[in-house]
Amino acid sequence: MAQPAEQTASAEETEELGAAFARELRPGDVVLLSGELGAGKTTFVRGALRALGVTGPITSPTFTLARRYEGTGVEISHLDLHRLAGAPDEEDEALLEEEATDARITFVEWPEMGASLTLTRAPRAHVRLEHAGGDRRSVAIAA
Ligand code: ADP
Ligand code: MG
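Every value quoted in this text rests on a predicted model; they were computed, and no experiment measured them.

## Observations concerning the site of ligand 1
Taken together, 16 residues surround ligand 1, and among them T14, G38, K41, T43 and D135 come closest. Contacts to ligand 1 include K41, whose side-chain N or O atom sits 2.7 Å from an oxygen atom. Residue T43 places a side-chain N or O atom 2.6 Å away from an oxygen atom belonging to ligand 1. Its free accessible area being 570 Å², ligand 1 has 73% of it covered by the protein chains. At the level of secondary structure, the elements contributing two or more residues to the shell around ligand 1 comprise helix 1 (11-22) and helix 2 (41-51).

Next comes the structure, spelled out in structure tokens:
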């Protein structure tokens, strides 16, 4: 799934990239998303979740760590580990262990803040987003 970095010029274009990417995902896949605050990680995930059939509001799970969604025939978990600041406690670790399952597609923002990141599965892809001036973003997807 490795692709050259692409540039987007708007949030809509980043959502479209997320939607196209989501078509390759299967239950059990874990997708990591890196990039500084406002780079567009949640925007990319929103596009992916829409393509997977999620209809209601899609907001960042900044304080809850995880949010679950029902897509079309697949369950999805959206994690944001920023709050862990690299030092998850036992409760956080337990929560992370349970999130990535065979039946679920799991998106993880700020994986580097999860320290040991006790997800039970190896990531399927790593998406890296960067500011590229104004509303432009560079989006690189590595397998
Ligand atoms: P993150 O999850 O990385 O902190 P968000 O997706 O929550 O970032 O926020 C990105 C913000 O930048 C949103 O307000 C979005 O509308 C805006 N934005 C502007 N241009 C883009 C773009 N090309 N791609 C993604 N988001 C963009
Ligand atoms: Mg976010």
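From this point on, the discussion continues.
## Considering the nonpolar core
Counting residues in each nonpolar core, the largest one holds 24 residues, and the members touching the most others are F21, L33, F44, L49, I76, F107 and V127. For this core, the secondary structure elements donating two or more residues are helix 1, strand 2 (30-34), helix 2, strand 5 (104-109), strand 6 (125-131) and strand 7 (137-142). For this core, the element with the most residues is helix 2, which contributes four residues. If you look at the next biggest cluster of nonpolar residues, it comprises 11 residues, including L32, L84, V108 and W110.

## Quick look at the pairing of strand 4 (residues 75-80)
In terms of burial, strand 4 is a largely internal element, five of the six residues being buried. Summarising the sheet, strand 3 (residues 66-70) and strand 4 pair through five bridges and their orientation is antiparallel. Each residue of the ladder has a partner; that of R68, found in strand 4, is S77. Between the antiparallel neighbours strand 3 and strand 4 lie four residues, among them G73 with a positive phi of about 70 degrees. Sheet topology note: the strand 4/strand 5 ladder contains six bridges and is parallel. If you follow L79 over to strand 5, its bridge partner there is V108.

## Some thoughts on the environment of L84
Its place among the elements puts L84 in the loop between strand 4 and helix 3 (90-99). In this structure L84 comes out as buried when scored by relative accessible area, which is 4%. Remark: the alpha-carbon pair of L84 and W110, spanning 26 residues in sequence, is separated by 9.3 Å. What L84 contacts, discounting residues up to four positions off in sequence, is L65, D92, L96, M113 and G114.

## Let's talk about the sheet that holds strand 6
Overall, mixed pairing links the seven strands, which are arranged 1-7-6-2-5-4-3 in an open sheet. Strands with a single pairing partner mark the edges of an open sheet, and in this sheet they are strand 1 (6-8) and strand 3. Neighbour-to-neighbour, the strand axes of the sheet open up by a mean angle of 20 degrees, direction not taken into account. Where helix 2 meets the sheet, its contacts fall on strand 2, strand 3, strand 4, strand 5, strand 6 and strand 7, and the angle it forms with strand 5 comes to roughly 165 degrees.

Procedures and definitions
- All residue numbers refer to position in the chain's written sequence, counted from 1.
- The lettering of chains begins at A and the numbering of ligands begins at 1, in the order of writing.
- Thresholds applied to this predicted model are a pLDDT of at least 70 for local features of residues and 80 or more for the giving and counting of side-chain atom pairs; totals over whole chains, interfaces and linings are not thresholded and use all residues.
- Side-chain descriptors were evaluated using all non-hydrogen atoms of the structure, hydrogens and water having been removed beforehand.
- Residues are labelled near a given molecule or strand when at least one of their non-hydrogen atoms is within 4 Å of it.
- Within 3.5 Å is the distance limit for a polar contact, defined as a pair of N or O atoms, with the added protein rule that one can donate a hydrogen and the other accept it, and that residues adjacent in sequence qualify only through two side-chain atoms.
- What sets the accessible areas is the Shrake-Rupley method with a 1.4 Å probe; for residues, cover comes only from the shown protein chains.
- Labels follow the DSSP assignment, with helices taken as runs of H or I lasting at least four residues and strands as runs of E lasting at least two, numbered in each case from the N terminus.
- We define the nonpolar core as a collection of buried residues of types Ala, Val, Leu, Ile, Met, Phe, Trp, Tyr and Cys that are connected through side-chain atoms lying within 4.5 Å of one another.
- Three labels apply to residues, based on accessible area from a 1.4 Å probe with only protein chains included: buried if under 20% of the type maximum, exposed if over 50%, partly exposed otherwise in between.
- Following DSSP output, two strands are said to pair if at least two bridges run between them.
- Here, residues are in contact when the closest pair of their heavy atoms is within 4.5 Å.
- Lines fitted to the C-alpha atoms define the axes, with helices restricted to the stretch that makes contact. Angles between their N-to-C directions range from 0 to 180 degrees.

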